[in-house]
Amino acid sequence: MAVEAVAARLGRAADVVAEIIRLSEVSKVYGSGDATVNAVDDVTLSVREGDFLAVMGPSGSGKSTLMHILGCLDVPTSGEYRFAGEDVSRMNERELASIRNRRIGFVFQQFHLLSSMSAWRNVELPLLYRSARDRRQMAMNALTQVGLATRVQHRPNQLSGGQQQRVAIARALVTDPTMILADEPTGNLDSKASREVLDILRGLNASGHTIILITHDPNVAGVAERVVEMADGRLAERIAA
Amino acid sequence: MNLLRTFDTGMRGLLGHRLRSILTTLGILFGVAAVICTVGIGTASADSVNSRIAALGTNLLTISPGSTTSGGVRGGGGSANTLTMQDVVGLADKQDAPDVAAVAPVVQAQATLVSLGSNWATNVQGSSPGWLVTNARTVSAGVFFTQQQVQQHAQVAVLGVTTAAQLGVTIGDQVTIGGSPFQVIGLLSASGGSAFTNGDDLAVVPITTAQDQVTGGSPNSVQRILLSATSGSTIGSAYDEATQLLLQTHHIVTPASADFTITSPTTLASTAASVTTTLTILLASVAAISLLVGGIGVMNIMLVSVTERTQEIGLRKALGATPRDLLRQFLIEAATLSFVGGVLGVCAGLLAGILVPHFAGIAVTITPTPVIIAVVVAAGVGLIFGVYPAARAARLAPIAALRAE
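All values reported here derive from a predicted model rather than from experimental measurement.

Asker: Sorry if this is basic, but what is going on with the overall build of chain A here?
Answerer: A count of helical and extended segments in chain A gives 8 helices and 10 strands. Per-residue burial over chain A gives 46% buried out of 241 residues. Contacts in chain A between residues at least 24 apart in sequence constitute 68% of all its contacts with a sequence separation of at least 6.

Dropping the structure here:
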């Protein structure tokens, strides 16, 4: 009996190490009464450390809502979300902020850089909300990693779209997160800049980062090793080509 | 996030939005400066009227012949001199008029004064020693003439400072008035200035001498009688006593047909005071409106930038900022703008308080109360409208804030 319990716990612990994300029957409902929309409907998903997962789907399929839940920007209406073993669906705002800060790096379609700040100040931002020394050095390292070592003092409006998105990736990287969550990262970029950005993401995955990429573009999804598809809030696995 | 880093972030936020920061600061600055300046001007003019009232003497009455009720100080033009030395003696009676402290008869005429080097036409008044008290004046040098000198028809004169300066004479010198030599025995202190006459350009001589040498006329007749009540609070009863006494001695039954008029300089002054009060209210209203306009300007700038700031708030939340971090940041930003604007506004107001009297010739008296009110209101508006929208945005879900448009 006792041996079994220990074994079960060990087993779960082993699972926890490998499994970064486990969504169990997660739903997100907007509105009430007749106007109810199941943006995410009974989704179960597991992501392991080092995975490169693409979530595909047309607009309105619920993939953005799923991304917000995965990124701890929003909480599910029902179901359980375990992030690196921690039950995120029961966390308060303060704890969620801490998870986002320590564990998750965001890359947005709109870049969301602060226009009044230089590249390295933008990259430094997440470090301001944790105790970190050498923030400037860490920001420089992250910018070097995305090939922008010579652009650290530039403001966003002095950079091309591709460069801005690379600054945003550096900002996601700088905290050494457990997972990088990229929401249509190439949506506002031309094909050349898109390729650069995807190359960087692939490189990060190769060096051990877990990446979740949300896109409607099959070509973009193609860089991922695993693709899931959202349709009407439901999730279906697809074997990558 | 520790305080120092929050402060750093807040300052960076201000520097990153220079135009907005400058406009907000200016709004507060002008609001505060306008209030300080306008209230200062109002206070100064009220003070000046008050000091003029005090200079006129709040316990003084003037009795002039004639029945005009609106009260010409010189008496009804061409009306017979109905006031006599008997009236003066009667009013000086402590039993009949216990609230009258001093009485002085006045006769006056324009005359040319001649000194060694120059001559100067001025107002020569003949009176008694009571003149000083009943005019609320003092002697700055020398002495005033005595009752004895009045009885002796002494050839002595007391001059106003302007008159003495024009004639180039001082105490002990001789001046000729109406062809007779007078010795200058005293100089009057500079007057507070009255509304109608220059109190510093005149010569006062004993009434007996004046009647002999300058004004002519019956020695029994006087042009005006000046009274001073025992204090400002007894002026009403002094007025009643004088009226009763004169009605009696002049054998007049109904007060309406009185052949004399009693006026008080304070009636003039109170009119002036009410004008000043109106002026102060007007200026204070202008100041309040400028403060309001400044406040609305600050509010506008803050609210216009809310969308932009909302996205920033959303991003910062996504990157791990807690609502408390954000609230602190915006509090520091708003407090800095309000503080800088307030301090600069006070400086500008004080500077205007120095420059306006210098260049525009308008006195400005700066008192602490409007300064404090102006700073509190202007800085308060800056704080509230700097923090409140941000605090609301900080409570939004990060995604809602990020998507704000």
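Asker: Quick question: what am I supposed to make of the overall build of chain B here?
Answerer: Each helix and strand counted, chain B has 13 helices and 12 strands in total. Among the 405 residues that make up chain B, the fraction classed as buried is 43%. Within chain B, counting contacts between residues at least 6 apart in sequence, those at least 24 apart form 81% of the total.

Asker: Mind showing me how you'd approach the interface of chain B and chain A here?
Answerer: For interface size, the figure often reported is the accessible area lost on association. At the interface, 19 residues of chain B touch 19 residues of chain A. Looking at the side of chain B that touches chain A, the elements with two or more residues in it are α1 (3-16), α10 (306-318), α11 (323-360) and α13 (398-402) of chain B. Ranked by the residues each element gives to the side of chain B that touches chain A, the list is headed by α10 of chain B, at 4 residues. Residues of the side of chain B that touches chain A, tallied by class, amount to 10 nonpolar, 5 polar and 4 charged.

Asker: How should the environment of L53 of chain A be read in this particular structure?
Answerer: Relative to the helices and strands, L53 of chain A resides in strand β3 (residues 52-56). Setting aside anything within four residues of it in sequence, one finds L53 of chain A in contact with V47, I212, A224, R226 and V228 of chain A.

Asker: I'm lost on the sheet that holds strand β6 (residues 104-107) of chain A in this one. Help?
Answerer: Residues and elements named next belong to chain A. With mixed pairing, the 6 strands of this open sheet are ordered in space as β6-β7-β8-β3-β9-β10. Looking at the sheet topology across the chains shown, the edges are occupied by β6 and β10 (234-238). Across the sheet, the axes of successive neighbouring strands diverge by a mean angle of 20°, strand direction being ignored. Pairing geometry for strand β9 (residues 226-231) and β10, over 5 bridges, is antiparallel. The residue of β10 that forms the bridge with E229 is A236. Docked against the sheet, helix α7 (residues 191-206) engages β3, β7 (179-183) and β8 (210-215), running at close to 150° with respect to β8.

Asker: Looking at this model, I keep getting lost on the pairing of strand β3 (residues 100-114) of chain B. Mind explaining?
Answerer: For a regular strand, the rule is simple: side chains alternate between the two faces of the sheet. Residue and element names in this part refer to chain B. Sheet analysis places β3 next to strand β11 (residues 224-229), joined by 6 bridges and oriented antiparallel. Opposite A102, over in β11, you have S228 as the bridge partner. Here β3 folds back onto strand β4 (residues 119-127), and the loop between the two strands holds 4 residues. Relative to strand β7 (residues 174-177), β3 runs antiparallel, the two sharing 2 bridges. Bridged to V114 within β7 is T176.

Asker: In this structure, what is going on with the pairing of β3 of chain A? I would like to understand it.
Answerer: Residue and element names in this part refer to chain A. With 5 of 5 residues buried, β3 lies mostly within the body of the structure. By the alternation rule, side chains of β3 split into F52, A54 and M56 and L53 and V55, which are all buried. Relative to β9, β3 runs parallel, the two being bridged by 4 bridges. Along β9, the bridge assignment pairs V55 with V228.

Asker: Help me out: how do you make sense of the confidence of the model for chain B in this one?
Answerer: Low pLDDT marks stretches whose predicted atomic positions should not be read closely. Put simply, chain B has an average pLDDT of 82, and 90% of its residues get 70 or more. Of the regions scoring below 50 in pLDDT, residues 68-79 of chain B engages in 19 contacts with residues more than four places distant in sequence or in other chains.

Asker: Could you clarify how one ought to interpret helix α8 (residues 235-249) of chain B in this entry?
Answerer: Residues three or four positions apart in an α-helix share a direction because the helix packs 3.6 residues into each turn. All names here are of chain B. Look at α8: 21 Å from first C-alpha to last across 15 residues, which is about the 21 Å you get at 1.5 Å a residue. Residues of α8 that are buried include every one of I235, A238, E241, A242 and L246, and no others. Mapping the buried residues of α8 onto a view down its axis gives an arc of 120°, with all of them on the same face. Away from the buried face of α8 by more than 90 degrees, exposed residues G236 and Q248 are located. Packing partners of the buried residues in α8 comprise β1 (60-65), α3 (85-91), β3, β11 and β12 (260-263).

Asker: Would you mind going over the nonpolar core with me for this structure?
Answerer: Note that soluble globular proteins tend to have their nonpolar side chains buried in a common cluster. Core analysis: the largest hydrophobic core is formed by 88 residues, its most contacted members being V55, V123, A142, L143, A170, L181 and I212 of chain A. Every residue in contact with V55 of chain A, bar those within four places of it in the chain, is listed here: K63, L66, I212, I214, V228 and M230 of chain A. Within the second largest apolar cluster, 53 residues are counted, among which are L60, W120, A203 and A210 of chain B.

Asker: Can you walk me through the environment of V376 of chain B in this structure?
Answerer: All names here are of chain B. You can see V376 is positioned in helix α12 (residues 368-395). V376 sits in the partly exposed class, given 13 other C-beta atoms within 10 Å. With 344 residues separating them along the chain, V376 and V32 place their C-alpha atoms 9.2 Å apart.

Asker: What is the right way to read unusual backbone geometry from this model?
Answerer: Most peptide bonds are trans, and most residues other than glycine sit at a negative phi. All names here are of chain A. With phi around 65°, F111 is a residue other than glycine that occupies positive phi space. Positioned with a positive phi, D232 is a non-glycine residue whose angle comes to about 50°. Mapped onto the elements of the fold, D232 is located in the loop between β9 and β10. Of the residues examined, D232 has 12 C-beta atoms within 10 Å and is grouped as exposed.

Asker: In this structure, what is going on with helix α6 (residues 161-173) of chain A? I would like to understand it.
Answerer: All names here are of chain A. The terminal C-alpha atoms of α6, which comprises 13 residues, lie 18 Å apart, in line with the 18 Å expected from a rise of 1.5 Å per residue. The buried fraction of α6 amounts to 11 of the 13 residues, a majority that puts the element mostly inside the structure. Within the span of α6, buried status applies to Q163, Q164, Q165, R166, V167, A168, I169, A170, R171, A172 and L173.

Asker: Explain the packing of α6 of chain A against α7 of chain A here, please?
Answerer: All names here are of chain A. Axis separation between α6 and α7 bottoms out at 9 Å; the angle between their running directions is 15°. If you check the angle between α6 and α7, you find them roughly parallel. As for how α6 packs across α7, the hand of that crossing is right-handed. When α6 is examined against α7, the residues G161, G162, Q165, R166 and I169 are found in contact with a partner set consisting of A193, E196, V197 and I200. A class-by-class count of the residues in the contact of α6 with α7 yields 4 nonpolar, 3 polar and 2 charged.

Asker: For this particular structure, what's the right way to read the sheet that holds strand β1 (residues 19-30) of chain A?
Answerer: Through backbone hydrogen bonds, the strands of a sheet pair up, either in parallel or in antiparallel fashion. Residue and element names in this part refer to chain A. Here we have 4 strands laid out as an open sheet, ordered β2-β1-β4-β5, and antiparallel in their pairing. Every other strand in the sheet has two partners, leaving β2 (37-48) and β5 (86-87) as the edge strands with one partner each. Pairing geometry for β1 and β2, over 8 bridges, is antiparallel. For L23, the partnering residue across the bridge sits in β2 and is L45. Taken strand by strand, helix α2 (residues 63-70) contacts β1, β2 and β4 (78-83), and its axis lies near 55° from that of β2.

Here is what the cut-offs are and how they apply
- Residues numbered from 1 in each chain as written.
- Chains lettered and ligands numbered in written order.
- Predicted model: local features only at pLDDT ≥ 70, side-chain atom pairs only at ≥ 80, totals over all residues.
- Helix = DSSP H or I, 4+ residues; strand = E, 2+ residues; numbered from the N terminus.
- Buried ≥ 20, exposed ≤ 12 C-beta atoms within 10 Å, placed from the backbone.
- Contact = placed C-beta atoms within 7 Å.
- Nonpolar A, V, L, I, M, F, W, Y, C, P; charged D, E, K, R; others polar.
- Pairing = 2+ DSSP bridges.
- Axes fitted to C-alpha atoms, helices over the stretch in contact; angles between N-to-C directions.
- pLDDT = per-residue confidence, 0-100.
- Expected span 1.5 Å × (residues − 1).
- Arc of directions from axis to C-beta.
- Core = buried A, V, L, I, M, F, W, Y, C linked by C-beta atoms within 7 Å.
- Parallel < 35°, antiparallel > 145°, perpendicular 65-115°, else oblique.
- Left-handed = near helix turned anticlockwise from the far one by under 90°.

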